[in-house]
Structure formats: structure tokens, C-alpha cells
Amino acid sequence: MLCSACQNIFAEVLPHPLSHYDRLWVDIAADCYVPREEGVTRLSHHPTQQSFDQAVEDGCFICTEVDASLAGHPVDPEPEIMGNHSQRPYWGSLVKITPMEKDGLRHAVRRYRVIVYSACEVGQQIQGKAKTFFMIPAQGKNLEFNVPTNGRLSQIKKWMAACCRQHEWGCIKYRHHEWAKPSRLIDVGPPGQDFVSLELFKNIRDRNVQYITMSHRWLEPKPPVLKRGNKEELIRNGIRLSQLPKSYQDAVSIVRHVGIKYLWIDSLCILQDSEEDFSKEAECMGNIYAGGIFNIVASNSGNWNTGLFSSRSDRGLIPIVKSPWLNIEDNGAFALNPEGVDASEQALLGQLLINRGWVHQEVQLAPSNLFCTEHQLYWVCLEGTYCESYPRGMNETLDGMGFRTSRLGIIRTLVVPEIDPPVGHRLYKKQGDQFFESRLFIYAWLKLVQCYSGSITTQPDDKLVAIGGIVDLLRGWISKAQCISELGYFSGMWQHCLLEQLSWCAHGPYRANEIHDRWVGTYAIPTWSWASINGGVFYDHIIGEEHTNDWTLPEAFKTPKPLAKVLSLNSTGLDLLGRTNNRNTLKIQGTTFPIFFKSEVLAPMVWADIEYKESVYIKHLGVQIYFDCSEELSGAKNNNQGYIAMPLLVQEAKQERGLFLILRGIILHRTGDEERTLYKRCGYFDTRFASWSRNELIRNRTILSSQLRYDPSNMMGDIYFIE
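Source: prediction; values computed, not measured. (Residues numbered from 1 in each chain as written. Predicted model: local features only at pLDDT ≥ 70, side-chain atom pairs only at ≥ 80, totals over all residues. Heavy atoms only, no water.)

(A) Local environment of the confidence of the model for the chain. Per-residue pLDDT for the chain has a mean of 81; in total, 78% of the residues score no lower than 70. This stretch, residues 18–41, has a pLDDT under 50; its non-local contacts, to residues over four places away or in other chains, come to 75 contacts. The low-confidence segment residues 80–86, where pLDDT is below 50, has 12 contacts with residues more than four positions distant or belonging to other chains. (pLDDT = per-residue confidence, 0-100. Contact = heavy atoms within 4.5 Å.)

(B) Local environment of the nonpolar core. Membership of the largest hydrophobic core comes to 122 residues, with the highest contact counts inside it found for Phe294, Ile296, Trp445, Trp530 and Ile588. Tallying contributions element by element places helix α15 (residues 434–452) first for this core, with 11 residues. Here Ile588 is in contact with Leu499, Leu502, Ala564, Lys565, Val566, Leu567, Met646, Leu648, Asp718, Ile719, Tyr720 and Ile722, once residues within four sequence places are set aside. In this structure, Val297, Ala335, Val341 and Phe403 belong to the second largest nonpolar core, which totals 51 residues. (Core = buried A, V, L, I, M, F, W, Y, C linked by side-chain atoms within 4.5 Å. Buried < 20%, exposed > 50% of the residue type's maximum accessible area, 1.4 Å probe, protein only. Helix = DSSP H or I, 4+ residues; strand = E, 2+ residues; numbered from the N terminus.)

(C) Structural view of a negative patch on the surface. Judged by side-chain charge, Asp53, Glu57, Asp58 and Asp67 come together as a negatively charged surface patch. Tallying contributions element by element places helix α2 (residues 49–58) first for the negative patch, with three residues. Within the element layout of this structure, Asp58 appears in helix α2. (Patch = residues over 30% accessible without salt bridge, like charges linked within 9 Å, V, L, I, M, F, W, Y side chains within 5 Å. Areas by Shrake-Rupley, 256 points an atom, 1.4 Å probe, with all protein chains shown as cover. Salt bridge = Lys/Arg side-chain N within 4 Å of Asp/Glu carboxyl O. Lys, Arg positive; Asp, Glu negative; His and termini not counted. Charge placed at Lys NZ, Arg CZ, Asp CG, Glu CD.)

(D) Structural detail: the pairing of strand β20 (residues 585–590). Counting buried residues in β20 gives five out of six residues, a clear majority hidden from the surface. Pairing between strand β19 (residues 564–570) and β20: six bridges, direction antiparallel. From the neighbouring strand, Ser568 faces β20, where its bridge partner is Lys587. In terms of strand pairing, β20 meets strand β28 (residues 718–722) through five bridges, oriented antiparallel. Looking at the pairing, Gly590 lines up with Asp718 of β28. (Pairing = 2+ DSSP bridges.)

(E) Highlighting the pattern of salt bridges. For the structure shown, the criterion picks out 17 salt bridges. The residue Asp273 makes a salt bridge to Arg228 at a minimum N-O spacing of 3.6 Å. Of this pair, Asp273 sits in the loop between α9 (266–269) and α10 (275–283) while Arg228 sits in the loop between β7 (211–215) and α7 (231–236), and the two are 45 residues apart along the sequence. We classify Asp273 as partly exposed; its relative accessible area is 30%. Residue Arg228 is classed as exposed on the basis of its relative accessible area of 56%. A salt bridge links Asp266 to Arg356; the shortest N-O distance between them is 3.3 Å. Pair noted here: Asp266 is in helix α9 and Arg356 is in the loop between α12 (345–353) and α13 (357–365), with a separation of 90 residues, a long-range link. Comparing Asp266 with Arg356 shows no difference in burial state: the two are buried.

(F) View of the packing of α12 against α13. Viewed as axis vectors pointing N to C, α12 and α13 meet at an angle of 150°, and their least axial separation amounts to 12 Å. Regarding the angle of α12 to α13, the classification is roughly antiparallel. Where α12 crosses over α13, the two elements pack in a sense that is right-handed. Residues Glu345, Leu349 and Leu353 of α12 touch α13, and the partners they reach there are Val359, His360, Val363 and Gln364. Residues that form the contact of α12 with α13 fall into these classes: four nonpolar, two polar and one charged. (Axes fitted to C-alpha atoms, helices over the stretch in contact; angles between N-to-C directions. Parallel < 35°, antiparallel > 145°, perpendicular 65-115°, else oblique. Left-handed = near helix turned anticlockwise from the far one by under 90°. Nonpolar A, V, L, I, M, F, W, Y, C, P; charged D, E, K, R; others polar.)

(G) How the structure looks around the packing of aromatic side chains. Tallied over the entire structure, the rule returns 18 aromatic pairs. Between Tyr174 and Trp179, the ring centres sit 5.0 Å apart and the planes meet at 50°, which makes this aromatic pair tilted. Relative accessible area serves as the criterion here: at 0%, Tyr174 is assigned to the buried category. Relative to Tyr720, the ring of Tyr679 has its centre 5.3 Å away and its plane inclined at 70°; by these criteria the two rings are edge-to-face. In this pair, Tyr679 is assigned in strand β26 (residues 678–686) and Tyr720 in strand β28, connecting sequence segments 41 residues apart. In this structure an aromatic cluster arises from ring pairing among Phe441, Trp445, Trp477, Tyr489 and Trp494. Across from the ring centre of Tyr523, 5.8 Å away, lies the NZ or CZ of Arg579, which sits over that ring. The ring of Trp504 has Arg681 lying over it, and the distance from NZ or CZ to the ring centre is 3.5 Å. (Phe/Tyr/Trp six-rings, centres within 6.5 Å; stacked < 30°, edge-to-face > 60°. Lys NZ or Arg CZ within 6 Å of the ring centre and 35° of its normal.)

In C-alpha cells, the structure reads:
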């Protein structure tokens, strides 16, 4: 909905058609703090901050989006503006509307850009906010907006039908792949039945029976679960819907409405009091979710009474506006679309599910996901993203509007090689390009680790188990891939591209002061693995891609170059999930440098120097060091001597401030005695903020090349054993 003030923007009659104006400013205050321009048309709007705040509280679409946008830095106002303003504290806002050029067949009809600004007084300064909207025609063959509340179930059925029958290059091929079957399923029964029952898969005649899966958060108090003592009762008589949480009840309604007979929920399909049954089902968990028709994701169900459907009227959906000045090319109605719509998996999972360890595997491998979020439903599959606001699809509708799409599906294109995304699609893969497939694999894995590492499992020992289904399917792909010769998997790390995986950092943007504890479980995880800490990890060279619409793998010459060489991984007793009770010893050859901390007061992130003993040009190079966990930080505080830096990768980067030569590596500290030169990993370092001129870069690159040896086939340096 729009407040009356916002509606008036589109209700005004202008003296000339909008196309006659290069710029149109709509003044939202009598004396707004904006540049005065000749030929500007001004329209009155919210005169006070109080009226704006009331519009936000009432749920005005435009005002709510503006209010939620990030505030800019406070600035000193022009004295004449502040002095002439009769009301204090100062308030003002405005709207700028500009026609956008046509873009061939893709955008054959003119669109409009609407930028809404607000500014208020903060102390003696002015701080502003801005939000951009795009107006696109609301009429046309492929344009449809705003599913009504009573049409949600029907829309889900439409999405499912289109995905199963029309998405030929990806979704259909993925569903036709051969997947292992679950041991048990829930028979939802016909519409109106007040109970559901458990059925053993071996008793189902149709071996290709269709079912739908569910991802959810375990609730308190714990809902009914399958146990050895009630299994026969659930098979014979079932369980009443009234005994289940509202989210389970809504899932049953969805399954019944779309015409599928079976539902799979872990709590009712896996014996919760049998370690043997859990281990058996966990081994094929990836197959179970991959083999479903789609997966219902209860993103907003945090208690027994919260179901899958948000209780909304029109709040949050896309407004459709009509205006006398929107009369070009007979387009009478326009949809008002906000810039930067976030449909990433992080946003769709929400705060309730993003930290649940098992859910990442589930949504990565399901052929499509129905995210039931706080505001509306989203359908995400290989071929597109859809929601109640944009039931025909968001990708094309929001093209060029800062749309942040989901990366879900990359792993699916690997485990089912028959999937062949078309050229130009965000998941396009170059068939037969072995370098591309290798980079695609490592990119997909690093993205998974970034999303998954910050989540938790109820049992600490499940840390490597909860992604075991993905590991199993990727291991099958690696065994057939010509681009990868190393098959090993150790404690969450693949042998392929191990140096790049070793360059994890326990801190991300704006999290430099956070630090976590070391992971503790019944098996051993080495310090060089990301799984050895209880917290999220990040890979600096792919973080930036989070905020782009599509991702592009770098060309070969732009990828990080190795500065060390993994000689061997000595491990015994490994299971298929990368677990072992023995030590995982990494044997690596490389160059190391002493570390000199710049401050006696150490924090999770500190500045330090690494020393080049043989260089006449560079004596010290400033680096940022991030300690891996609280135990390592405490150890360094007690004694900061003996730490060394081992560069693993080097990469050139060009930014606004100039050329960068970025080193990335790990911080080591000796743990063994004189006879056993063992080291542990303590942290990560990089040189992201060390910049040079072009001459300095060439000179330093020459020096570092001779000292660090870019060529891994002729690697020089000492040998280190890391546990």
C-alpha cells in the first residue's frame, strides 16, 4: 500500500509530458535541503518527519523502503538552508523521477527511475537516506504481479507444474537422475483427512513414487518424533494433525493441494532414538532431498503456532500505480519495483534457519525450494527465482535493478553433468573446458563453506556429517571428472586446490573483533581445517561476489598463484565423511618469515610486519593478522614470540587506489619438540591494504618471485608438518 502522500506523487497533472523534462524533482518539504535548479517542477508531499514516520508505521511501501535504507555520512549543511528553515529540528525529503532509455527488445517499453531521498538533522549536521525504485509497465504477456492471499496454494501448484514440465535444460534433467530412496515416507492422505500416517518405502509398489521434503527448525517443546516404540502405531493409526506444529500442518496442506501423496520430514521419518538408523539415513540424506519433487523451507516458523504462510494483506507487495503523466505509449499502469531486491539463500533462509547446520545441504541439493519467509513465498530452482510479488519470475523482471539472486544450483550442475545451462545464464558452464570445471568445483565448495561454517548442529560431532550428502555426491563427480586428479577429502577439505582452501579467514567484513572457540568433539579435526573452529569462515577473494547479480569465474591468468606446495597428507582411519580419530598431518613446502607485532595489546585482528632478510628493497611488509580462535589469541597474548607467516597464494588486483599485490597465507607456531618439528595453524594473514605504485609493484613482484617461487614445479623452501 501507499500512503496518501506517495499516492499524490502519481496523481498530479504536470504542465508538460514527463518526456519533456530531463529531470523532475518532487519536493517533499516546503524548504527542502536540495540544490535549486532552473526548470524544476515541485510537488508538495510529507511536510514533517512525523507524517513520514506515521506512513512508515502504517506500512507505506515507498516510505518503509526509504526508512530501511542505509543512512549516509552526516554532512555540514549550507548555512542559508539551516538559517532560513523555520522548523527545528530540520527535516526534508524529495523524489527524483527520470525516464530511462529503451534497451532493444529486452526493454522495449520505456521505464522510469524513481529516487526517494530523506534528510534529517543529527546534531549540527544533516544525514540523509536514499532509495531507488524502478517503474516498469504492469501489462504485457510475461508481466504479472502480486499473488492474492487466497491464491497461494494455486500459485505453488503452477510453479511446480512449470518447473517439472517446462524447465527442460536443468530441472527436468535433475529430477530424472537416479537417486537413492528414503526408508520411510509420510502418507498425507486426501484433503480433509485429520491425520497422516507413516509408510515404509519397501511397501510402496511404485518405486518411482513422488514425494516432497521439508527443511525446518527443531522447535521447543519438541514436536512428536519417530521412535522405535511408536513406529508401529504411526504405521497403523497415524498421528492427528492437531498434534503437530502449524508448520507441519501447512506442509501437509501444500502436499495435498499439489497432488502429491507423500511428505518426508526428518523428525517423523528417521528413528530419533537409534544411532544405527540415524547413521544409515544420514549417509543418503543428500539423495533424499535431491530425489524429492521440491523442498518446503520453513524459514519463518520459529514456534508451534507460526505456520508457513505469512499473515499479510497487501503490505510488502509491489504497488501498481497509474498517473496522468505516465501516458507514453499507452501504458496506463506501472509496477513500482525497489532496487537491490535480495533473493540470496542467506536472505531467504532468514535468521531462524541460516544457522541450522543441516539446512544448507538440504537447500543446495533439492531440485527446487519453496521458501516460506516472513513476508511472502519464494520458489527457487535452477532456471529462475519466483515469488508472490513476481510470480512469473524475478530474474528478467528485475534485470538491471541491482537484483541479488541465489547461487543455489551450482553444485547440482556438477553432480548431474547432463545439466547444460544456456549461454548467458548465471549457471552457464563451458562444456569441455577443464579449467572452468575445476574452478567451478572449488568456487562451489568455498561458497558452501562460507554459508555453512557459521551454522551449528545440535550435536557437535555432526559438523562434518551435516554436509556428508554433498561430499558423497561431489566425490562421485570427481571420480569421473577429467579435470581433477586428486580424490582425497580430509576433515572438510578437498585435496584438489588445497592451498586455496587453506586460505580461510575466521573473520569477515565488519567482524574483525569477533572470535570463536576451538571445536571439540569425539574425533580429531586438524588446526588447518576450517572445521576446527566453532564459527563462520570467509574467503576474501570471493566475498565481493556476494553483492553482484551474477558471478563470473576469473580467467586463468587472474586466479591466485601458488607460493607453497602440498607434499602429502598423512592420515589413517578416515571414513567417507573425512572423520578420523587419528592425526591429519599436512606436509607442506614453502617459505616462511618472522612476524613482529606492531602492538603489545593483541586483538582478534592485529597489524604486524613480516621481515624479508635478503631483500635490499623491502625490509618489512605490513600485514593484517586474524587469529583463528580465542585459544590462539590467548596464547599469543601470553607469549607473542616464535610466530611465522607462510604465504600460500599471491594475486594482483587493481583498485581505485592503484595496483595491489595481495599475499594470502597462514600463521604458524611450533608445537613439537626438537625431534618432531610440528606446527599448528594459529591464524590467517593478507596484504589487502598494502598498495604500491606500478614501479614498486614490478620491483616487489620480481623480488617476491625470486624469494617465494611462483613455479610450484620448482618450489623452494623448507618443509613443515602441520597438525
